[in-house]
Amino acid sequence: DIRMTQSPASLSASLGETVNIECLASEDIYSDLAWYQQKPGKSPQLLIYNANSLQNGVPSRFSGSGSGTQYSLKINSLQSEDVATYFCQQYNNYPLTFGSGTKLEIK
Amino acid sequence: QVTLKESGPGILQPSQTLSLTCTFSGFSLSTYGMGVGWIRQPSGKGLEWLANIWWDDDKYYNPSLKNRLTISKDTSNNQAFLKITNVDTADTATYYCARIEGIIRGTDWFAYWGQGTLVTVSS
């Protein structure tokens, strides 16, 4: 199985700040990576697919980058509505696997 | 408009079989390239992928659940199903179904999710 190591586990940032969340795959996943946002009590929502493609309707302050085994999600100009847990997911190989999540809070 | 909704028993006892139904609209599982997956999440924890089924009845399972999983579909009624045999307390979780967005294997990300159904395994 491909292991997805996500960091940090939690993050506190101020409004307007830029934050980065990292995901490290245990092997090359050739940009087959998605990022999701999950607000408390809600279903996950897709933000990014193919490592850097923004899903329709997602604000442009969200962006994804990376290749090989290292990937990141960047949130510019942090807004209060960005408080959530963020997960990465690889789909290069079965079984599909998710990172353990990053809980983002406002400082 | 794509929607999905999960339904399940709510509570069941250890060793029983869990049967889940995903009822969806806005797409058809008989259409080329379509697929549905099941993902679960214990309360306060991360996401675990369980199984995917594609339009051509191709199926993929998470081997960590060994042979306990069976995924199936009813294209006439726009439904997908998941059965988990011999449940125990570790299977307590919210279960989600979601539409696979890519049209070929290896493009299994999920843009549309159901609201989830909470399943509790308890004696």
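Data block above holds the structure.
Residues numbered from 1 in each chain as written. Chains lettered and ligands numbered in written order. Predicted model: local features only at pLDDT ≥ 70, side-chain atom pairs only at ≥ 80, totals over all residues. Heavy atoms only, no water.

## Things to note about the overall build of chain B
And step 1. Along its length, chain B carries 0 helices and 11 strands.
And step 2. What you see for chain B is a C-alpha radius of gyration of 14 Å, in line with the 14 Å of a compact globule of 123 residues.
And step 3. Counting all 123 residues of chain B, 47% fall into the buried class.
And step 4. Accessible area for chain B stands at about 5500 Å²; split by element, carbon and sulfur atoms hold 47% of it.
And step 5. Distance between charge centres in chain B, computed from 10 positive and 10 negative side chains, equals 4 Å. (Helix = DSSP H or I, 4+ residues; strand = E, 2+ residues; numbered from the N terminus. Rg over C-alpha atoms; globule rule 2.2 N^0.38 Å. Buried < 20%, exposed > 50% of the residue type's maximum accessible area, 1.4 Å probe, protein only. Areas by Shrake-Rupley, 256 points an atom, 1.4 Å probe, with all protein chains shown as cover. Lys, Arg positive; Asp, Glu negative; His and termini not counted. Charge placed at Lys NZ, Arg CZ, Asp CG, Glu CD.)

## Observations regarding the pairing of strand 11 (residues 102-106) of chain A
All names here are of chain A.
And step 1. Pairing analysis gives 4 bridges linking strand 2 (residues 10-13) to strand 11, with the strands arranged parallel. Across the sheet, residue Ala-13 finds its bridge partner in strand 11, namely Ile-106.
And step 2. Judged from the 3 bridges that link them, strand 9 (residues 84-90) and strand 11 form a sheet pairing that is antiparallel. Paired with Tyr-86 across the two strands is Thr-102, which belongs to strand 11. (Pairing = 2+ DSSP bridges.)

## Looking at the sheet that holds strand 3 (residues 18-25) of chain B
Residues and elements named next belong to chain B.
And step 1. Strand order in the open sheet formed by 4 strands is 1-3-8-7, with antiparallel pairing between adjacent strands. Each of the sheet's edge strands pairs with one partner strand only, and the pair in question is strand 1 (3-7) and strand 7 (69-74). Sheet twist, expressed as the average angle between the axes of neighbouring strands with direction ignored, equals 20°.
And step 2. As defined by bridge partners, strand 3 adjoins strand 8 (residues 79-84) across 6 bridges and the pair is classed as antiparallel. Among the inter-strand pairings, Thr-21 is bridged to a residue of strand 8, identified as Phe-81. (Axes fitted to C-alpha atoms, helices over the stretch in contact; angles between N-to-C directions.)

## Observations concerning the interface of chain B and chain A
And step 1. The interface of chain B with chain A comprises 24 residues on the first partner and 18 residues on the second.
And step 2. Taking both partners together, chain B and chain A bury about 1600 Å²; carbon and sulfur atoms supply 65% of that area.
And step 3. Considering only the surface of chain B that becomes buried against chain A, Leu-47, Trp-49 and Trp-109 of chain B emerge as the three largest contributors, covering 37% of it.
And step 4. Linking chain B with chain A are 0 salt bridges, by the criterion used here.
And step 5. Counting across the interface, chain B meets chain A through 6 residue pairs in polar contact (both at pLDDT 80 or more).
And step 6. Sorting the residues of the side of chain B that touches chain A by element identifies strand 4 (35-41), strand 5 (48-54) and strand 10 (110-113) of chain B as the ones contributing at least two each.
And step 7. Counting residues per element, the side of chain B that touches chain A draws most heavily on strand 5 of chain B, at 4 residues. (Contact = heavy atoms within 4.5 Å. Buried area = accessible area lost by both parts, 1.4 Å probe. Salt bridge = Lys/Arg side-chain N within 4 Å of Asp/Glu carboxyl O. Polar contact = N/O pair within 3.5 Å; in protein donor to acceptor, adjacent residues only side chain to side chain.)

## Some thoughts on the pattern of salt bridges
Side chains that differ in charge, positive against negative, can pair when their charged atoms come close.
And step 1. Under the definition given, this model contains 10 salt bridges over all chains.
And step 2. Residue Glu-81 of chain A is joined to Arg-61 of chain A by a salt bridge in which the shortest nitrogen-to-oxygen separation is 3.7 Å. With Glu-81 of chain A in the loop between strand 8 (70-75) and strand 9 and Arg-61 of chain A in the loop between strand 6 (53-54) and strand 7 (62-67), this pair connects stretches of sequence that are 20 residues apart.
And step 3. For Arg-61 of chain A, a relative accessible area of 18% corresponds to the buried category.
And step 4. One salt bridge in this structure joins Asp-91 of chain B and Arg-40 of chain B, with 2.7 Å as the shortest N-O distance. Taken as a pair, Asp-91 of chain B in the loop between strand 8 and strand 9 (93-100) and Arg-40 of chain B in strand 4 lie far apart in primary sequence, 51 residues in all.
And step 5. Taking the relative accessible area as the measure of exposure, Arg-40 of chain B reaches 6% and is therefore buried.
And step 6. Members of the salt-bridge network, linked through shared partners, are Arg-40, Glu-48, Arg-68 and Asp-91 of chain B.

## Overview of the sheet that holds strand 1 (residues 4-7) of chain A
Backbone-to-backbone hydrogen bonds pair the strands of a sheet. The strands run either parallel or antiparallel.
Residue and element names in this part refer to chain A.
And step 1. Reading across the sheet, the 4 strands line up as 1-3-8-7 and stay open at both edges, with antiparallel pairing between neighbours. Taken across any chain shown, the strands that pair with only one partner, and hence form the sheet edges, are strand 1 and strand 7. The average undirected angle you get between the axes of adjacent strands in this sheet is 15°.
And step 2. As defined by bridge partners, strand 7 adjoins strand 8 across 6 bridges and the pair is classed as antiparallel. Each bridged residue has a counterpart across the sheet, and for Gly-66 the counterpart in strand 8 is Tyr-71.

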